[in-house]
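Each chain is listed here by its residues.
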Amino acid sequence: MKYTLIVAILSLIAAPTSQAQLAGTLNQVVSPVRPIIDRTSSDLNAIREEARRKAQSSIEGARDLSTVASGVLGDIPAPQFIAPAATTILSTSGQVVVNEVTVENGFLAVEKEWLFLGEEADKVHFQGANIEIQKAQFLPALSQWLFKVKVTGDEDDVSSIRNSLPHDLQSQIGRNHIYLSQTKPTSNGSFQEISSEKLETCPTPLRIGMVDTHVASNHPLLSHVNLTQASFIVGHNQDRNQEQDGNADSETDVAFSSDHGTAVASLLAASLPKSSQVFNASVFYSRNSVSQGATLMSLIEGLNYLASQQVDAINMSLAGPDNPILARVINQLDKSGIQIIAAVGNEGPASLPLYPAAYTETLGITAVDKSNVIYRWANQGDYVDFAAFGVSVDAAHPNGKTIRQTGTSMASPRATALYACFLREKQERNAALLKLQQLALDAGAPGRDSVFGFGVLP
């Protein structure tokens, strides 16, 4: 559960902030070259708990209004997650790069691969007859060692692997799960000329990270921001400071797409002023023409890279299973002052919670259309914090034009930019979170609910 603490923090909340005030009150700002503003963890749980308490008191004795607000009449079926079928990712030369398998609760993972996060000395525990270390690397920004280990025997289940470790280390190992981008294919795939519609932007240049596919950096909608990206796609051996400019290269030998990342980057850029810096960790390989996957190993490497860039916030338009390694990294980033904003997922109201959006430290973002109607396939639950426009959104395409995109992936960039803007204004994380809450338009059940969270962001 996300709500474990009760702290009387909201007594200091000021009057709600109007959209006009968003552009007019940010005068004292922090230079983009000095991005570290506040290195303490936020009281996000306390803010959620206070909102939950108020909502409960206002509808005490009534049925769950969030179900009515979502347009779902009748009983919601038991939570479930339906992952796409596992596939084998081959290089252009026919070698196996990723062998996906279906594991616990229907999620995907790399066959017989596990990750361990700990100290260098812990490697002694992975020198048995049925398990071996495939890769070991130190993550400077996280001050931890990351080991990728391969099961060589038949025992490839959670209990067997964890029980082989000392008790105090058993929470530091997890499968090398696969996470998926969160955009649904649109029914209208026609390309559009670039729209002149502009969102209200922050007057201060921002410093934002994103974990996504590769981005076509030459798109006109990105011309006013400084984009830096590094590749962490499984199988890549190239210099991570060099941009990729195709679907595969001689060193990579793995197909990847630029569609999703280019769309997300353009929606971030739409809320960013000139000279803002965007850092992209490219982690996704192409599963097929409409689906991208990223191993947890790639995600952790990408997050370590973004943390080293000292970004204000990280946008993660992806979703997948709970994993103890990912949970530890998200918690550590939170303690270092970096806010994670993530898409809640597109598996529908009956889905199991998806991660990283469902972690307590993360802001979970859902999608609405232009009339503030909830996206029908958006996940619902007590981990939803805000809604933003994400249905039939005009987003950049690598071909230089735009295309309509739908999904919670398309909603989270707006929330990320707004949070980063308020962080620069307030120079304190909780104050930025509270201002984000004040800006949101309440929708659905009164107060915070499991469909819209605190409400819809402009």
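Residues numbered from 1 in each chain as written. Predicted model: local features only at pLDDT ≥ 70, side-chain atom pairs only at ≥ 80, totals over all residues. Heavy atoms only, no water.

Asks: Help me understand the overall build of the chain, please; the structure alone is not making it clear to me.
Replies: Secondary structure assignment for the chain yields nine helices and 19 strands. Of all 458 residues assigned to the chain, the portion counted as buried reaches 55%. By sequence separation, contacts in the chain at least 24 residues apart represent 74% of the contacts at least 6 residues apart. Total accessible area on the chain stands at roughly 18500 Å², and carbon and sulfur atoms take up 49% of it. (Helix = DSSP H or I, 4+ residues; strand = E, 2+ residues; numbered from the N terminus. Buried < 20%, exposed > 50% of the residue type's maximum accessible area, 1.4 Å probe, protein only. Contact = heavy atoms within 4.5 Å. Areas by Shrake-Rupley, 256 points an atom, 1.4 Å probe, with all protein chains shown as cover.)

Asks: How do you make sense of the sheet that holds strand β18 (residues 393-396) when you look at a structure like this?
Replies: Hydrogen bonds along the backbone pair up the strands of a sheet, which may run parallel or antiparallel. Strand order in the open sheet formed by three strands is β7-β19-β18, and the pairing between neighbours is antiparallel. Sheet topology places β7 (191-192) and β18 at the edges, where each strand pairs with a single neighbour. Direction of pairing for β7 relative to strand β19 (residues 402-405): antiparallel, over a ladder of two bridges. If you follow F191 over to β19, its bridge partner there is I403. (Pairing = 2+ DSSP bridges.)

Asks: Explain the sheet that holds strand β16 (residues 363-368) here, please?
Replies: An order of β9-β10-β8-β13-β15-β16-β17 is seen for the seven strands of this open sheet, with the pairing classed as parallel. Every other strand in the sheet has two partners, leaving β9 (226-231) and β17 (386-389) as the edge strands with one partner each. Direction aside, the axes of adjacent strands within the sheet are offset by 25 degrees on average. Note that strand β8 (residues 207-212) and strand β10 (residues 277-282) share six bridges and pair parallel. When the bridges of β10 are listed, R207 appears paired with Q277. (Axes fitted to C-alpha atoms, helices over the stretch in contact; angles between N-to-C directions.)

Asks: How should I be thinking about the packing of aromatic side chains in this particular structure?
Replies: One pair of aromatic rings is described through two measures. These are the centre distance and the angle between the planes. Taken as a whole, this structure holds eight aromatic pairs when the rule is applied. Geometrically, the ring pair formed by Y355 and Y359 is tilted, given 4.6 Å between the ring centres and 50 degrees between the ring planes. Residues Y355 and Y359 agree in their burial class; the two are buried. Clustering of aromatic rings is evident, with ring pairs tying together F116, F126, F138, W145 and F147. The ring of F454 carries R448 above its face, with NZ or CZ at 5.1 Å from the centroid. (Phe/Tyr/Trp six-rings, centres within 6.5 Å; stacked < 30°, edge-to-face > 60°. Lys NZ or Arg CZ within 6 Å of the ring centre and 35° of its normal.)

Asks: Whenever I open this one, helix α7 (residues 324-335) confuses me. Can you help?
Replies: Residues spaced three or four apart along an α-helix point in a common direction, a consequence of the helix completing one turn every 3.6 residues. Here α7 spans 16 Å end to end across twelve residues, near enough to the 16 Å set by a 1.5 Å rise per residue. Within the sequence span of α7, burial applies to I325, L326, V329, I330, L333 and D334. Those residues of α7 that are buried are in contact with β3 (108-118), β6 (173-181), α6 (296-308), β13 (313-316), β15 (339-343) and α9 (429-439). Structurally, the start of α7 carries an N-cap: the backbone nitrogen of I325 is 2.9 Å from a side-chain oxygen of N323. At the exit of α7 stands G337, carrying a positive phi of roughly 100 degrees. (Expected span 1.5 Å × (residues − 1). Polar contact = N/O pair within 3.5 Å; in protein donor to acceptor, adjacent residues only side chain to side chain.)

Asks: It is not clear to me how α9 should be interpreted in this structure. Could you clarify?
Replies: Across the eleven residues that make up α9, a large majority, ten, are buried. Along α9, the positions that sit buried rather than exposed are R429, N430, A432, L433, L434, K435, L436, Q437, Q438 and L439. By the N-cap criterion, in which a side-chain oxygen at the helix start approaches the backbone nitrogen of a residue two or three places on, α9 is capped by E428, the distance to N430 being 3.2 Å.

Asks: Looking at this model, I keep getting lost on the state of the cysteines. Mind explaining?
Replies: Joining two cysteines, a disulfide is a covalent bond between their sulfur atoms. Scanning the entire structure with this criterion turns up one disulfide. Each disulfide pairs two cysteine sulfurs, and for C202 the partner residue is C421, the sulfurs being separated by 2.2 Å. Classification of the bridge connecting C202 and C421 rests on its S-S torsion, roughly 80 degrees, and on that basis the disulfide is right-handed. Taken together, the residues span a long stretch of sequence, with C202 in the loop between β7 and β8 and C421 in helix α8 (residues 408-426) at a distance of 219 residues. (Disulfide = S-S within 2.5 Å.)

Asks: Hey, could you run me through the pattern of salt bridges in this one?
Replies: Here the idea is simple: oppositely charged side chains can pair when their charged atoms come close. For the structure shown, the criterion picks out nine salt bridges. Between K435 and E425 there is a salt bridge, with its nearest N and O atoms 2.5 Å apart. Of this pair, K435 sits in helix α9 while E425 sits in helix α8; the two residues are ten residues apart in sequence, bridging distant segments of the chain. With relative accessibility at 18%, the residue E425 sits in the buried group. (Salt bridge = Lys/Arg side-chain N within 4 Å of Asp/Glu carboxyl O.)

Asks: When you look at the packing of α8 against α9 in this model, what are you seeing that I'm missing?
Replies: When two helices pack together, their arrangement is given by the angle between the helix axes and the distance between those axes. Where α8 contacts α9, the axes come no closer than 8 Å and their chain directions differ by 130 degrees. It follows from the interaxial angle that α8 and α9 lie oblique. Between α8 and α9 the crossing geometry is right-handed. Of α9, the residues touching α8 (which contributes L418, Y419, F422, L423, E425 and K426) are R429, A431, A432, L433, K435, L436 and L439. Tallied by class, the residues present in the contact of α8 with α9 amount to nine nonpolar, no polar and four charged. (Parallel < 35°, antiparallel > 145°, perpendicular 65-115°, else oblique. Left-handed = near helix turned anticlockwise from the far one by under 90°. Nonpolar A, V, L, I, M, F, W, Y, C, P; charged D, E, K, R; others polar.)

Asks: What is the right way to read the nonpolar core from this model?
Replies: Considering soluble globular proteins, one finds that nonpolar side chains tend to be buried as a cluster. V211, I300, L303, I314, M316 and L333 are the most contacted members of the largest nonpolar core, which has 41 residues in total. Counting residues per element, the ones that place at least two in this core are β3, β10, α6, β13, α7 and β15. Residue contributions to this core peak at eight residues, all from α6. Residues A367, A378, A415 and L457 belong to the second largest nonpolar core, which totals 27 residues. (Core = buried A, V, L, I, M, F, W, Y, C linked by side-chain atoms within 4.5 Å.)

Asks: Teacher, can you tell me more about the side chain of T416 here?
Replies: Note that T416 resides in helix α8. The buried category is assigned to T416, whose relative accessible area is 0%. Sequence-distant contacts of T416, that is, excluding residues within four places in its chain, are made with I208, L268, A313, N315 and I341.

Asks: How should the environment of P446 be read in this particular structure?
Replies: Here P446 is to be found in the segment after α9. Through-space distance from the C-alpha of P446 to that of K54 is 9.2 Å; in sequence the pair is 392 residues apart.

Asks: In this structure, what is going on with the packing of helix α5 (residues 259-269) against α8? I would like to understand it.
Replies: The N-to-C vectors of α5 and α8 enclose an angle of 35 degrees; their axes lie 8 Å apart at closest approach. Considering how the two elements wind past one another, α5 and α8 form a crossing that is right-handed. Judged by residue contacts, H260, A263, V264, L267 and L268 of α5 engage S409, M410, P413, T416 and A417 from α8. A per-class count over the contact of α5 with α8 returns seven nonpolar, three polar and no charged.

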